[in-house]
Amino acid sequence: MPTADLGDVKIYYESQGDGEPVLLAPPSWWPCDTWKVGVVPFLAKRYRTIVFDCRGTGFSGKPDDGYTIEQFARDCAGLLEHLKIARCHAVGFALGGQIAQALAIERPDLVATLTIAATGAGVKTTSGAPRQTTNTDEEEIRAHGFERFIRGHVENTHMAFNEEFFRTHPEAVKALSDALWQRQTSPEQHRYHYDARRTWDTLGNAPKVKVPTLILCGAADDVNRGGSTPAGTARKLGELVPGCELALVPNVKHMTFWDGDGALNALQEYLERHPIGQT
């Protein structure tokens, strides 16, 4: 298995395609196989895609302690250096958007462009107040079992998918659900990753981003999570990240890159306009 030995942890990764490198940062507890459902086949036609399992996930090492967003970002930097990639397009989905944001801030030399997709506000709400979160995950796991809890993140229309897409593309929903469940680790590791979201202030760190940035979100991604919504956070990031572009994809909910191809087309169009040699 291809792994990068970063000293305190080994990070599993896969690379596919040729061209400018695109690093795809997942939500921390999502195995990298989720990117291979639709996204990698689409992007690998023009780009070299790099996907990986965050520490504590999939085939990567599983230290028995807590994690932080900055730690995940340092793992990304170590992986890029292992692959001898001097600069890349960094794309992050949900919590992965925070990871990519942290990477762009800490190591702008490695990041030619940044895409923050469907990312939460972090420790504060869009109004700037402390985010009020209640972790009910352990209760749901006890009530429904770990597998049903995990699959439930994508097998729904109230948050994940547009109702029409969900109805007409059951095979795509199932493929993503299967990829999300396979190679899951444990409820304990999931808790470490859940707690990591409390270690980053997406909005507070927004002005520190100094690389070309696309803020990408489904226009219908409006489920309230502790006082903020992904769409609301995206609009606020559009005001705070210097020189960024904001793209709200119509009729798309939280599964940004899987709920139809609108977000993938928007991402590809942005990358084409910002080649690495000209950023």
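What counts as what
- Sequence order as written defines the numbering, with residues in each chain counted from 1.
- In keeping with the model being predicted, local features are shown solely for residues with a pLDDT of at least 70 and side-chain atom pairs are shown and tallied solely at 80 or more, while totals for entire chains, interfaces and linings include all residues.
- Excluding hydrogens and water, the side-chain values take into account all heavy atoms of the structure.
- Among buried residues, the Ala, Val, Leu, Ile, Met, Phe, Trp, Tyr and Cys ones that are joined through side-chain atoms within 4.5 Å form a nonpolar core.
- Throughout, exposure labels follow a simple rule: accessible area from a 1.4 Å probe, protein chains only, divided by the maximum for the residue type, with under 20% read as buried, over 50% as exposed, and the rest as partly exposed.
- Secondary structure elements are taken from DSSP: a helix is a run of H or I of four residues or more, a strand is a run of E of two residues or more, and numbering for both begins at the N terminus.
- Any pair of residues with heavy atoms lying within 4.5 Å of one another is described as a contacting pair.
- Inter-axis angles, ranging from 0 to 180 degrees, are taken between N-to-C directions of lines fitted to C-alpha atoms, where helices are fitted over the stretch in contact.
- Relative orientations are named as follows: roughly parallel for angles under 35 degrees, roughly antiparallel for angles over 145 degrees, roughly perpendicular for angles from 65 to 115 degrees, and oblique for any other angle.
- Helix crossings fall into two classes, left-handed where the near helix is turned counterclockwise from the far one by less than a right angle and right-handed where it is turned clockwise.
- Asp, Glu, Lys and Arg are counted as charged, while Ala, Val, Leu, Ile, Met, Phe, Trp, Tyr, Cys and Pro are counted as nonpolar; the rest, among them Gly, fall into the polar class.
- In this description, strands pair whenever DSSP reports at least two bridges between them.
- Working definition: a ring pair exists when centres of Phe, Tyr or Trp rings (six-membered ring for Trp) sit within 6.5 Å. Plane angles under 30 degrees give stacked, over 60 give edge-to-face, the rest tilted.
- Only one rule defines a salt bridge in this text: a Lys or Arg side-chain nitrogen within 4 Å of an Asp or Glu carboxyl oxygen.

What follows concerns the nonpolar core. Among the nonpolar cores identified, the biggest contains 92 residues, and Leu103, Phe257 and Trp258 are the most heavily contacted of them. Counting residues per element, this core draws most heavily on helix 2 (residues 69-82), which supplies seven residues. In this structure Leu103 touches Leu23, Ala73, Cys76, Ala77, Leu80, Ala90, Pro108, Leu110 and Val111, once residues within four positions along its chain are discounted.

Let's shift gears to the packing of helix 2 against helix 3 (residues 95-106). In a pair of packed helices, the angle between the axes and the distance between the axes together describe the arrangement. It is at 8 Å that the axes of helix 2 and helix 3 come closest, and there the two elements cross at 65°. Viewed along their axes, helix 2 and helix 3 adopt a mutual orientation that is roughly perpendicular. For the element pair helix 2 and helix 3, the recorded crossing hand is right-handed. Contacts between helix 2 and helix 3 involve Ile69, Phe72, Ala73, Arg74, Cys76, Ala77 and Leu80 from the first element and Leu95, Gln98, Ile99, Ala102, Leu103 and Glu106 from the second. Of the residues contributing to the contact of helix 2 with helix 3, the split by class is ten nonpolar, one polar and two charged.

This part covers the sheet that holds strand 4 (residues 48-52). Pairing is mixed across the open sheet formed by eight strands, whose spatial order is 1-2-4-3-5-6-7-8. Only two strands of the sheet have a single neighbouring strand rather than two, namely strand 1 (3-5) and strand 8 (245-249). Averaged over all adjacent pairs, the angle separating strand axes in this sheet is 25°, with direction ignored. Inspection of the sheet shows strand 7 (residues 213-218) paired to strand 8 by five bridges, in the parallel sense. The residue bridging Leu216 from the neighbouring strand is Ala247, located in strand 8.

Counting buried residues in strand 4 gives four out of five residues, a clear majority hidden from the surface. Pairing between strand 2 (residues 10-16) and strand 4: four bridges, direction antiparallel. Note that in strand 4 the partner of Gln16 across the bridge is Thr49. Here four bridges tie strand 3 (residues 21-25) to strand 4, and the two strands are oriented parallel to one another. Within the sheet, the bridge partner assigned to Val22 lies in strand 4 and is Thr49.

Right, let's get into the packing of aromatic side chains. According to the stated counting rule, one finds 14 aromatic pairs in the structure shown. Geometrically, the ring pair formed by Phe93 and Phe257 is edge-to-face, given 6.4 Å between the ring centres and 70° between the ring planes. Here Phe93 is found in strand 5 (residues 88-93), whereas its partner Phe257 is found in the loop between strand 8 and helix 10 (262-273), with 164 residues between them in sequence. Note on accessibility: Phe93 and Phe257 belong to one class, buried. Ring centres of Phe93 and Trp258 lie 5.2 Å apart, and the angle between their planes is 70°; on these two criteria the pair is classed as edge-to-face. Of the two residues, Phe93 sits in strand 5 while Trp258 sits in the loop between strand 8 and helix 10, which places them 165 residues apart along the sequence.

In a structure, side chains of opposite charge can pair up when their charged atoms sit close to one another. By the definition in use, this model includes 16 salt bridges. The closest approach of N and O atoms between Asp33 and Arg183, which form a salt bridge, is 3.2 Å. Pair noted here: Asp33 is in the loop between strand 3 and helix 1 (39-43) and Arg183 is in the loop between helix 7 (170-181) and helix 8 (187-196), with a separation of 150 residues, a long-range link. For the pair shown, Asp33 and Arg183 are each scored as buried. In this structure, Asp53 and Arg183 form a salt bridge, with 2.6 Å as the shortest nitrogen-oxygen distance. In this pair, Asp53 sits in the loop between strand 4 and helix 2 while Arg183 sits in the loop between helix 7 and helix 8, placing the two residues 130 residues apart along the sequence. On the accessibility criterion, Asp53 (0% relative accessible area) is buried. Residues joined in a network through salt bridges with shared partners are Glu14, Asp33, Lys36, Asp53 and Arg183.

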